[in-house]
Amino acid sequence: MSEKQSVTVRIAGEEHTIRSNAAPEYTKQCAEYVDERVGEIKRQLGMIEGHKAAILAALSITDELLQARQGLQQTHTDVIARAEAVIGRLTIAVGKQ
């Protein structure tokens, strides 16, 4: 396990020091993503308190994550079904020889 590193990031105009096992570049990338989402929400809703924008950003990012997980699960299910179909066809083809 790697050693925790500190990196300072800016989200919604505020600086935050984050300690993480992740590479600093990755932590910065995550912070930029959150900052962009908070900014999008503030632009969409106008004058909104920072913590409310952060909560809405968290909900939006969580929705994105859950949809991606669901899509991944569906892809996994589809791949298994296709593999089983191929195995079935191969079994029949080998049996005919």
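Here goes a summary of the coordinates provided. (Residues numbered from 1 in each chain as written. Predicted model: local features only at pLDDT ≥ 70, side-chain atom pairs only at ≥ 80, totals over all residues. Heavy atoms only, no water.)

**Focus: the overall build of the chain**
Here's step 1: Helix and strand counts for the chain come out as two helices and two strands.
Here's step 2: When the helices and strands of the chain are placed in sequence order, the string is β-β-α-α.
Here's step 3: Expected size for 97 residues packed as a compact globule is a radius of gyration near 13 Å; at 22 Å, the chain overshoots this value by more than 25%.
Here's step 4: By principal-axis analysis of the C-alpha atoms, the chain measures approximately 70 × 40 × 15 Å.
Here's step 5: Taking all 97 residues of the chain together, 12% fall into the buried category.
Here's step 6: Long-range pairs, those at least 24 residues apart, make up 14% of the contacts in the chain between residues at least 6 apart in sequence.
Here's step 7: Total accessible area on the chain is roughly 7,900 Å²; 57% of this is exposed by carbon and sulfur atoms.
Here's step 8: In the chain, 12 positive and 13 negative side-chain charges are present, and the distance between their average locations comes to 5 Å. (Helix = DSSP H or I, 4+ residues; strand = E, 2+ residues; numbered from the N terminus. Rg over C-alpha atoms; globule rule 2.2 N^0.38 Å. Buried < 20%, exposed > 50% of the residue type's maximum accessible area, 1.4 Å probe, protein only. Contact = heavy atoms within 4.5 Å. Areas by Shrake-Rupley, 256 points an atom, 1.4 Å probe, with all protein chains shown as cover. Lys, Arg positive; Asp, Glu negative; His and termini not counted. Charge placed at Lys NZ, Arg CZ, Asp CG, Glu CD.)

**Thoughts on unusual backbone geometry**
Here's step 1: With phi around 55°, A12 is a residue other than glycine that occupies positive phi space.
Here's step 2: Under the relative-accessibility criterion, A12 is labelled partly exposed at 33%.

**Some points on a nonpolar patch on the surface**
Here's step 1: Taken together, the side chains of L45, I55, L56 and L59 define a hydrophobic patch exposed on the protein surface, amounting to about 380 Å² of accessible area.
Here's step 2: By residue number, the principal contributor to the nonpolar patch is helix 2 (residues 50-95), which donates three residues.
Here's step 3: Note on placement: I55 falls in helix 2. (Patch = residues over 30% accessible without salt bridge, like charges linked within 9 Å, V, L, I, M, F, W, Y side chains within 5 Å. Salt bridge = Lys/Arg side-chain N within 4 Å of Asp/Glu carboxyl O.)

**Notes on the pairing of strand 1 (residues 5-11)**
Here's step 1: One ladder, built from seven bridges, connects strand 1 with strand 2 (residues 14-20); its direction is antiparallel. From the neighbouring strand, R10 faces strand 2, where its bridge partner is E15.
Here's step 2: In this antiparallel pair of consecutive strands, strand 1 and strand 2, the connection spans two residues, and A12 shows a positive phi of 55°. (Pairing = 2+ DSSP bridges.)

**Concerning the pattern of salt bridges**
Here's step 1: Counting across every chain of the model gives four salt bridges.
Here's step 2: Across the pair R10 and E15 runs a salt bridge whose closest N-O atoms are separated by 3.3 Å.
Here's step 3: A residue is classified by how much of its surface remains accessible, and R10, at 48% relative accessible area, is partly exposed.
Here's step 4: Residue classification places E15 among the exposed positions, given a relative accessible area of 55%.
Here's step 5: Note that E40 is salt-bridged to R37, the shortest N-O span being 3.5 Å. In this pair, E40 and R37 are both assigned in helix 1 (residues 24-45), three residues apart and thus about one turn of the helix distant.

**Description of the packing of helix 1 against helix 2**
Here's step 1: Packing of helix 1 against helix 2 leaves a shortest axis separation of 9 Å and a crossing angle of 115°. Judged by the sense of rotation from one axis to the other, the crossing of helix 1 with helix 2 is right-handed. Along the contact surface, helix 1 presents Y33, V34, R37, V38, I41, K42 and L45, while helix 2 presents G50, A53, A54, L56, A57, S60, I61 and E64.
Here's step 2: Here the contact of helix 1 with helix 2 is built from residues that sort into 10 nonpolar, two polar and three charged. (Axes fitted to C-alpha atoms, helices over the stretch in contact; angles between N-to-C directions. Left-handed = near helix turned anticlockwise from the far one by under 90°. Nonpolar A, V, L, I, M, F, W, Y, C, P; charged D, E, K, R; others polar.)

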